[in-house]
Amino acid sequence: MPIPRLPVPDSVLNMFRDQEEEVTDDSTKHGGRVRNFPHERGNWATYVYLPCEIQEELLELRELLVSHARRYAVSLTAMEEFHISLSQSVVLRYHWINPLVQSLKERVASFYRFFCTASQVKVYTNQHRTRTFVGLEVSCGHSQLLELVLEVDKVMEEFDLPTFYKNPSFHISLAWCVGDLTDKLEGQCLQELQEIVDGFEDSAFLLRFQWDQIRCKSGNKFFSFPLR
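From a predicted model like this one, the values you see are computed outputs, not experimental measurements.

**A short note on the overall build of the protein**
Each helix and strand counted, the protein has 7 helices and 10 strands in total. Classification of the 228 residues of the protein by burial places 42% in the buried group. Long-range pairs, those at least 24 residues apart, make up 79% of the contacts in the protein with a sequence separation of at least 6. Surface accessibility of the protein: about 13,500 Å² in total, with carbon and sulfur atoms responsible for 50%.

What follows is the structure, given as structure tokens:
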């Protein structure tokens, strides 16, 4: 007669819950976005970035651009937060998170705070062209960003992970939509969006950003590295 299995206590089941990022791939729950790589238990989507402080005036500018894009039959979704990417989104195993974070902390420890200007409207797509973005390209501060990416790339190489794009166009994404809609957004529409930015009150001051920390997001975990 087989011995009946006893139920596993909740205390034991919960011991390892922190090691798994709870993610579902139902695209209807996140605006139709398509995951660039399939989710697997124990895999944590990870990326490194510079967080941008949200100012009321920047939100107003974003809404003007989103509203104007509708004239060209493009329905953009406003970004909820702003940042500049310093890495691609990569897949980490849970036990790699702390070693990677520690390596990243050591690599960027000597960097000072700096300013950059992002005032050029540009249209981007993700690598698989499943999403289109309207962003502000960095025109001043590019060299400091490249130096940071060089150090982040070294960390990625330590873990045999993809490095950042060659000749990157650093930018702050303001809005996005599903699919590749570059044909509709570029040309006359892009020119008019740029005119809105150029004519926005105090745009020269508004679009000058100071960076005082680097962040790494891995699954639902956030790590911050202050700049000197």
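**Here we look at the sheet that holds strand β5 (residues 114–125)**
Taken in spatial order, the 5 strands line up as β2-β7-β6-β5-β8 in an open sheet, and their pairing is antiparallel. Edge positions in the open sheet fall to β2 (77–78) and β8 (208–211), since each of these has one partner strand only. Both β5 and β8 contribute to a ladder of 4 bridges, which runs antiparallel. Following the sheet pairing, Phe115 is matched in β8 by Gln210. Most of the contacts of helix α2 (residues 56–69) go to strand β7 (residues 171–178), to which it runs at about 40 degrees, and overall it touches β2, β7 and β8.

**Re the pairing of β7**
Here β7 lies mainly inside the structure; 6 of its 8 residues are buried. Sheet topology note: the β2/β7 ladder contains 2 bridges and is antiparallel. For Ala78, the partnering residue across the bridge sits in β7 and is Ala175. Relative to β7, strand β6 (residues 131–140) is paired through 7 bridges, and the arrangement is antiparallel. In the sheet register, Val134 faces β7, and the bridge partner there is Ala175.

**Looking at the nonpolar core**
Among the nonpolar cores identified, the biggest contains 62 residues, and Leu50, Ile84, Leu86, Trp211 and Ile214 are the most heavily contacted of them. What Ile84 contacts, discounting residues up to four positions off in sequence, is Tyr49, Leu50, Cys116, Val138, Leu145, Phe170, His171, Ile172 and Trp211.

Cut-offs applied
- Residues numbered from 1 in each chain as written.
- Predicted model: local features only at pLDDT ≥ 70, side-chain atom pairs only at ≥ 80, totals over all residues.
- Heavy atoms only, no water.
- Helix = DSSP H or I, 4+ residues; strand = E, 2+ residues; numbered from the N terminus.
- Buried < 20%, exposed > 50% of the residue type's maximum accessible area, 1.4 Å probe, protein only.
- Contact = heavy atoms within 4.5 Å.
- Areas by Shrake-Rupley, 256 points an atom, 1.4 Å probe, with all protein chains shown as cover.
- Pairing = 2+ DSSP bridges.
- Axes fitted to C-alpha atoms, helices over the stretch in contact; angles between N-to-C directions.
- Core = buried A, V, L, I, M, F, W, Y, C linked by side-chain atoms within 4.5 Å.

The values reported here are purely geometric and, on their own, carry no functional implication.
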